[in-house]
Amino acid sequence: MIKFTEDHEWLSLDGDIVTVGITDHAQEQLGDIVYIELPEIGTQVSKDDEVVVIESVKAASDIAAPIDGEVVEINEAIIDTPGKVNEDAEGGAWFFKVKIDDASQLDEYMDETAYKDLIA
Amino acid sequence: MGENLLKTPLHALHLELGAKMVPFAGYEMPVQYKLGVMKEHLHTRQAAGLFDVSHMGQVLLEGDNPALDLERLVPQSICAIKPNRQRYAFFTNEDGGIEDDIMVTRRDGHLFVVINAACKAADIALMKAGLHSTDIVEITDRALLALQGPAAETALARLFPVERLAFMEGDMFPSDWGNVWISRSGYSGEDGFEISIEFDRAEDFARTLLAMEEVEAIGLGARDSLRLEAGLCLYGNDIDKTTDPVQANLTWAIQKARRAGGDREGGFPGDRNILPKLSQPAADEDRRRVGLKPEGRAPMRDGVQLFENDKSPDPIGVVTSGAFGPTVGHPIAMGYVPARLSEPGTRLWGELRGKRQPVQVTPLPFRPSNYKR
């Protein structure tokens, strides 16, 4: 199941693990990404915590955790090569994975059709 | 976009090329095109980039001796500029601060001055008040384009015999596009040209260049990262009314003739503050503009405060320009620090999102410039 937030993040649920990234639309708006700071593995995050810093050629922006849980994996590859996010935002350039307690937190987010309407 | 914003003669072309337009100094300007800032930057370093800089002011100074008259307002030797030669200069104020940085060319019978867009009105007022026997004529019917990069000569030479121009030399070229003024100059750290052309010819001329394989349209975003890699100042960020030329590390631009003991010593606003500083050793706490290289990968942008170590309570300096340098492949910045901490190799700390990160004072430019000497 894939869900989308109004802040242009995507969440992919697999068992009790949610993978979080930013949408292709978001990377396009940000422009060339040059730096990414990810949370440490083991961090307990709460919804709306600012957990990621993205710097593009234009500006710095924060990304909030869309859900409560524990960070269990981060994508080291995008730290080394931030430009990957511009190339493959909704695929290999995911940001982090969270082990969640309560999958119902995803209910409030949009499905793909609703998100496409939002950015149309 | 704000309805009061001015448009350059290339506005329709920018939109057609898919530019992202932003307000800049009262104009609606392209910040980037479809390539994006990073690729536009690299393209300019590798081939040739075409910039619309028509927002900048173009002014003619006419009179009996406009060069000598202009020396009342700038610490440069304007009288020594040879015909068709160009020189970097700046207006100073009574405290020695910089009111604007400008380019001055001696042309047949007058001076041609290019001034920053945001300073246009203030500069013209300053010249009207400060020049005694010179008419100040703003050119309002010419666009200004810049073609920058190692392939700029190859591209432009298909249209004009520009190979004969040396760096900081210009000439008027009669053509199908009317009389086109071209100088071998720019603000990217590359060889290149600046082209002053009549409004109604500018778009056709730009299209002719853009049709060439080497040439891409480049926005203000890449213009900023290119000039920063080249160690060049952005007025309003790296220099302003409060920074004097010694602090700004621009003493190379003050010729001997205007210094103590020179033929035309002083006689410009702030000379009493600036001239002694040119011959004295730096006071420890007087600030200096320096290059800065963050040791980490996070860019330190303008406004980031600098500290002497990772615990010291009070900032000792500030970043005035900062970005990722696409050509050098790491973040780069400029800022002001006390003279005692301005030696290259000095390690300082910049505060990013509440965390102190190490940053090294480095020589400028970050990348050697490719001017055609």
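Residues numbered from 1 in each chain as written. Chains lettered and ligands numbered in written order. Predicted model: local features only at pLDDT ≥ 70, side-chain atom pairs only at ≥ 80, totals over all residues. Heavy atoms only, no water.

Asks: Explain the overall build of chain B to me, using residue names and the numbers behind them.
Replies: Secondary structure summary: chain B contains 8 helices and 19 strands in total. Rg of the C-alpha trace for chain B: 21 Å, near the compact-globule value of 21 Å for 373 residues, within the 12% margin. With the C-alpha coordinates aligned to their principal axes, the bounding extent of chain B is approximately 65 × 50 × 40 Å. Taken over 373 residues, chain B has a buried fraction of 58%. Within chain B, counting contacts between residues at least 6 apart in sequence, those at least 24 apart form 65% of the total. When the accessible surface of chain B is split by element, carbon and sulfur atoms take 49% of a total near 15,400 Å². If you average the places of the 43 positive and of the 52 negative side-chain charges in chain B, the two averages end up 5 Å apart. (Helix = DSSP H or I, 4+ residues; strand = E, 2+ residues; numbered from the N terminus. Rg over C-alpha atoms; globule rule 2.2 N^0.38 Å. Buried < 20%, exposed > 50% of the residue type's maximum accessible area, 1.4 Å probe, protein only. Contact = heavy atoms within 4.5 Å. Areas by Shrake-Rupley, 256 points an atom, 1.4 Å probe, with all protein chains shown as cover. Lys, Arg positive; Asp, Glu negative; His and termini not counted. Charge placed at Lys NZ, Arg CZ, Asp CG, Glu CD.)

Asks: Talk me through the interface of chain B and chain A; I want residue IDs and the actual numbers.
Replies: Across the boundary between the two partners, chain B contributes 13 residues, which contact 17 residues of chain A. Counting the surface lost from both chain B and chain A, the interface buries some 1,200 Å², and carbon and sulfur atoms represent 47% of this. At the surface where chain B touches chain A, the tally comes to 5 salt bridges. For Arg 353 of chain B, the salt bridge identified is with Glu 55 of chain A, shortest N-O distance 3.1 Å. Counting across the interface, chain B meets chain A through 7 residue pairs in polar contact (both at pLDDT 80 or more). Of the residues that constitute the side of chain B that touches chain A, the class distribution is 5 nonpolar, 2 polar and 6 charged. (Buried area = accessible area lost by both parts, 1.4 Å probe. Salt bridge = Lys/Arg side-chain N within 4 Å of Asp/Glu carboxyl O. Polar contact = N/O pair within 3.5 Å; in protein donor to acceptor, adjacent residues only side chain to side chain. Nonpolar A, V, L, I, M, F, W, Y, C, P; charged D, E, K, R; others polar.)

Asks: An account of the layout of surface pockets is needed here, citing residue identities and associated values.
Replies: One number sums up the size of the second largest pocket: a volume of about 590 Å³. Elements with a minimum of two residues in the lining of the second largest pocket: helix 1 (24-30), strand 4 (33-37) and helix 3 (84-88) of chain A together with helix 2 (37-46) and strand 17 (330-338) of chain B. Per element, the largest residue contribution to the lining of the second largest pocket is 3 residues, and it comes from helix 1 of chain A. (1 Å grid on protein atoms, 1.4 Å probe; cavity = no way out; pocket = protein on both sides within 12 Å on 5 of 7 lines; lining within 4 Å. Points joined across faces, edges and corners; volume = space filled by probe spheres on them.)

Asks: Before we move on, could you go through empty space enclosed by the protein and cite the residues and values that matter?
Replies: Residues and elements named next belong to chain B. All told, the structure shown has 1 cavity of 30 Å³ or more when counted by the stated rule. The computed volume of the largest cavity comes to approximately 60 Å³. What lines the largest cavity is Leu 10, Leu 13, His 14, Leu 17, Tyr 33, Leu 50, Phe 51, Asp 52, Ala 206, Leu 210 and Ala 217. Among the elements of the structure, helix 1 (11-16), strand 3 (48-52) and helix 6 (199-210) are those that each provide at least two residues to the lining of the largest cavity. Across the lining of the largest cavity, the residue classes tally to 9 nonpolar, 1 polar and 1 charged.

Asks: Describe helix 2 of chain B, with residues and values.
Replies: Burial of helix 2 of chain B is extensive: 7 of the 10 residues sit out of reach of the surface. Within the sequence span of helix 2 of chain B, burial applies to Val 37, Met 38, Glu 40, His 41, His 43, Thr 44 and Arg 45 of chain B.

Asks: Outline the sheet that holds strand 2 (residues 9-14) of chain A, listing residues and values.
Replies: One open sheet holds the 6 strands; their spatial order is 1-2-3-9-8-5 (chain A), and the pairing between them is antiparallel. Among the strands making up the open sheet, the edge pair consists of strand 1 (2-4) and strand 5 (44-45) of chain A. (Pairing = 2+ DSSP bridges.)

Asks: Run through the nonpolar core, naming residues and quoting values.
Replies: Grouped together as the largest cluster of nonpolar side chains are 51 residues, with contacts concentrated most on Tyr 88, Phe 90, Ile 98, Ile 239, Leu 250, Leu 292 and Val 319 of chain B. Excluding its chain neighbours within four sequence positions, the residues that come into contact with Tyr 88 of chain B are Gln 76, Asp 101, Ile 102, Met 103, Met 168, Tyr 187, Ile 239, Leu 250, Trp 252 and Ala 253 of chain B. (Core = buried A, V, L, I, M, F, W, Y, C linked by side-chain atoms within 4.5 Å.)

Asks: Now, about the packing of aromatic side chains: what can you tell me, with residues and values included?
Replies: Within the structure shown, the criterion is met by 9 aromatic pairs over all chains. Relative to Tyr 115 of chain A, the ring of Phe 4 of chain A lies with its centre 4.7 Å away and its plane at 10 degrees, an arrangement referred to as stacked. On the criterion of sequence distance, the pair formed by Phe 4 of chain A in strand 1 and Tyr 115 of chain A in helix 4 (residues 112-119) is long-range, its members being 111 residues apart. Its relative accessible area of 4% is what places Phe 4 of chain A among the buried residues. Following the ring pairs from residue to residue traces out a cluster consisting of Phe 160, Phe 173, Trp 177 and Phe 205 of chain B. Sitting above the plane of the Phe 307 of chain B ring, Arg 356 of chain B keeps its charged end 3.5 Å from the centroid. (Phe/Tyr/Trp six-rings, centres within 6.5 Å; stacked < 30°, edge-to-face > 60°. Lys NZ or Arg CZ within 6 Å of the ring centre and 35° of its normal.)

Asks: Can you break down the pairing of strand 8 (residues 69-74) of chain A residue by residue, with the values?
Replies: All names here are of chain A. Here strand 5 pairs with strand 8 via 2 bridges, running antiparallel. Residue pairing across strands places Gln 44 opposite Glu 70, the latter belonging to strand 8. In this structure, strand 8 lies alongside strand 9 (residues 96-99), joined through 4 bridges in antiparallel fashion. Bridging across to strand 9, Glu 73 finds its partner in Lys 97.

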